[in-house]
Amino acid sequence: MKQTPNLLAVIVWTKIEKEGVCVSKLIIAGRQRLGGTAAVQGAKNSALPILAATVLTKGESVLYHCPDLSDVDASLQILRYLGCKAQRSGSTVLVQSDGVCRHDIPDELMRKTRSSIVFLGAVLAAAGRARLSFPGGCEIGLRPIDLHLKALRQMGAIVRERHGWLDCRAPHGLRGAEIALPFPSVGATEDIMLAAATANGVTTVTNAAREPEITDLADYLNKCGARIHGAGESTIVIDGVKTLGGCDHAIIPDRIVAATLIACAAVTNSEITLKGVIHSHLGAVLPVFEDAGCSFSAFENELRVIPPAGGRLRPMKIVRTMPYPGFPTDAQAPLLAAATVAGGTTVFIENIFENRYRHTAELVRMGADIKTEGKFAVVDGVDRLYGAAVEATDLRGAAALVAAGLCAEGMTEVSGVKYLERGYENFELVLSQLGADIHKV
Ligand code: EPZ
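Residues numbered from 1 in each chain as written. Predicted model: local features only at pLDDT ≥ 70, side-chain atom pairs only at ≥ 80, totals over all residues. Heavy atoms only, no water.

A. Spotlight on the overall build of the protein. Across its full length, the protein holds 15 helices and 26 strands. Dimensions of the protein along its principal axes, counting C-alpha atoms only, are 70 × 65 × 40 Å. Residues classed as buried in the protein amount to 54% of the 441 residues present. Contacts in the protein between residues far apart in sequence, at least 24 positions, make up 72% of those at least 6 positions apart. (Helix = DSSP H or I, 4+ residues; strand = E, 2+ residues; numbered from the N terminus. Buried < 20%, exposed > 50% of the residue type's maximum accessible area, 1.4 Å probe, protein only. Contact = heavy atoms within 4.5 Å.)

B. Up close: the layout of surface pockets. Computed from the structure, the second largest pocket encloses a volume of approximately 420 Å³. The set of elements that each furnish at least two residues to the lining of the second largest pocket consists of helix H9 (255-267) and helix H15 (427-433). Per-element accounting of the lining of the second largest pocket gives the leading share, 4 residues, to H15. Counting contributing residues, the lining of the second largest pocket receives three or more from each of domain 1 (17-36 + 254-440) and domain 2 (45-250). (1 Å grid on protein atoms, 1.4 Å probe; cavity = no way out; pocket = protein on both sides within 12 Å on 5 of 7 lines; lining within 4 Å. Points joined across faces, edges and corners; volume = space filled by probe spheres on them. Domains from an automatic or database assignment.)

C. View of the state of the cysteines. Tallying each qualifying case throughout the model produces 0 disulfides. In this structure Cys168 is not part of a disulfide, and its nearest cysteine sulfur, from Cys84, lies 18 Å away. Residue classification places Cys168 among the buried residues on the basis of a relative accessible area of 0%. Of all cysteine sulfurs in the structure, the one in Cys224 sits closest to Cys247, which takes part in no disulfide; the separation is 3.6 Å. (Disulfide = S-S within 2.5 Å.)

D. Seen up close, the packing of aromatic side chains. Under the definition given, this model contains 1 aromatic pair. When the ring centre of Tyr81 is taken as origin, the NZ or CZ atom of Arg102, which lies over that ring, is 4.1 Å away. In this structure, Arg131 packs its charged tip against the face of Trp165, placed 4.1 Å from the ring centre. (Phe/Tyr/Trp six-rings, centres within 6.5 Å; stacked < 30°, edge-to-face > 60°. Lys NZ or Arg CZ within 6 Å of the ring centre and 35° of its normal.)

E. Structural view of the packing of helix H11 (residues 332-339) against helix H12 (residues 358-365). One way to put it is that H11 packs onto H12 with a least axis distance of 10 Å and a crossing angle of 25°. Regarding the angle of H11 to H12, the classification is roughly parallel. Two packed elements cross with a definite hand, and for H11 against H12 that hand is right-handed. Contact with H11, carried on its side by Gln332, Ala333, Leu336 and Ala337, involves His359, Thr360 and Leu363 of H12 and no other residues of that element. Split by residue class, the contact of H11 with H12 holds 4 nonpolar, 3 polar and no charged. (Axes fitted to C-alpha atoms, helices over the stretch in contact; angles between N-to-C directions. Parallel < 35°, antiparallel > 145°, perpendicular 65-115°, else oblique. Left-handed = near helix turned anticlockwise from the far one by under 90°. Nonpolar A, V, L, I, M, F, W, Y, C, P; charged D, E, K, R; others polar.)

F. Looking closely at the nonpolar core. Of all hydrophobic cores here, the largest spans 77 residues; its most connected members are Leu261, Ile262, Leu274, Leu282, Phe289, Phe348 and Leu431. Ranked by residues supplied to this core, first place goes to H9 with 11 residues. Leave out the neighbours within four places in its chain, and Ile262 touches Leu274, Leu282, Leu286, Phe289, Phe296, Leu303 and Val305. Core analysis: the second largest hydrophobic core is formed by 74 residues, Leu76, Val118, Ala130 and Leu221 among them. (Core = buried A, V, L, I, M, F, W, Y, C linked by side-chain atoms within 4.5 Å.)

G. Inspection of unusual backbone geometry at higher detail. Residue Pro325 is reached from Tyr324 by a cis peptide bond, and omega for that bond is 10°. Turning to its location among the elements, Pro325 is positioned in the loop between strand E20 (317-320) and H11. Even without a glycine there, the phi angle at Asn269 is positive, about 55°. Looking at where Asn269 falls in the secondary structure, it is placed in the loop between H9 and strand E17 (271-275). One non-glycine residue, Lys317, adopts positive backbone phi at about 65°. Assignment of secondary structure puts Lys317 in strand E20. Residue classification places Lys317 among the exposed positions, given a relative accessible area of 57%.

H. Expanded view of the sheet that holds E17. On the basis of which strands lie adjacent, the open sheet formed by 4 strands has the order E2-E17-E19-E18 and mixed pairing. Where the open sheet ends on each side, the last strands, each with one partner, are strand E2 (35-39) and strand E18 (295-299). With strand direction ignored, the average angle separating the axes of adjacent strands in the sheet is 20°. Where E2 and E17 come together, 5 bridges link them in parallel fashion. The residue bridging Ala38 from the neighbouring strand is Leu274, located in E17. The strands that H9 touches are E2, E17, E18 and strand E19 (302-306); relative to E17, the one it contacts most, it runs at about 170°. (Pairing = 2+ DSSP bridges.)

Here is the structure:
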């Protein structure tokens, strides 16, 4: 007898067939005023290199404020694969790494997040060898690693690249070197610090990245017994030591998540308070929002965001993304979302990545007036955005679409939530606790 298919099964199957797998979406009802206090999560871009650094240590490290993100989870999986014990309890992660017993990272783990390249220097230093699949580009650009490989070769590593694999060896250990970076690459600076911490001799890096996450990595390594001076400045000196032990370390707050929440408050004309913020890490971000009419009051590790008196953002004129301490490229997308409803024109110049305007096409679907040409984006503020079904294609672009949805007229459906979950911990929960009408389906 012919079975009548179960209706629910048909609906689910259709959805899976249409979209491959069941994907979650965020549904946002716009124009809700926000209010209250939000705690800022630990910094993703600090947690990732510090987790890689635990490979260099013998003993146990306890990491506090370690954000629960898919990118962080991928790093914990790599640590376990390499022979470390890694477990999470809330926002505390414990890593026991008495002995790395592997030196390779399989393709499927590398592909979970390309920032796993930061394991290269650490594994090479710990095991004398490192074999990992070449981290491809990603949605925002080619993401080359030439500066990483050149530096490791200067430290005595033999690096072979073939068939998509990187095979690095340091049979006689790594040695200190004088490394001049042509560009203050964050990842290359971190890879060098990790490779040099237990190398033979002194390594000097000039034109090093100065991001707070670099300083946090140096703080962690120095607590483990390393001898690193100058982190946060353009010249870092790493005097190699024989061994490193574990330590307890609280990861710094995520300045990009803080900037994103400020953008969400700005576009909804809301007054909110951020808890657990290091104001100096937002040195180039706050003035841009002040130009737009926002004001801030800082108290200990709290930051109160006050929207423009007239209820509408002024244009930010010109926003250039630069290496720290300049305006961070990761805050460009959320700020651009805010600029779409400002009372005038804002010009963005994206100097760091070559393909970091993918969110603009989706914002135009919501009624924004944006023209992009290479590294330039010209945003003419409109009176109102309108809710639409939009698709996120990268991490910070996803955050921009959420911010736009919060201020748009009507309902916005953001798909590609997996990108958001790479860097924002329970973001829809944080926003709904601030009063936003947002939920995940
Ligand atoms: C880190 O990426 C961050 N990722 C990025 O955050 C951030 O946007 C970026 O630094 C800049 O601040 C992590 O920390 C995990 P770079 P990274 O090396 O290390 C070129 C996010 O949204 N370059 O400073 O890859 C490169 O192409 C992510 O959280 C080379 O040419 O950044 C880019 O144009 C996105 N050769 C520029 O330097 C190299 O060997 C900046 O890259 C390395 C980099």
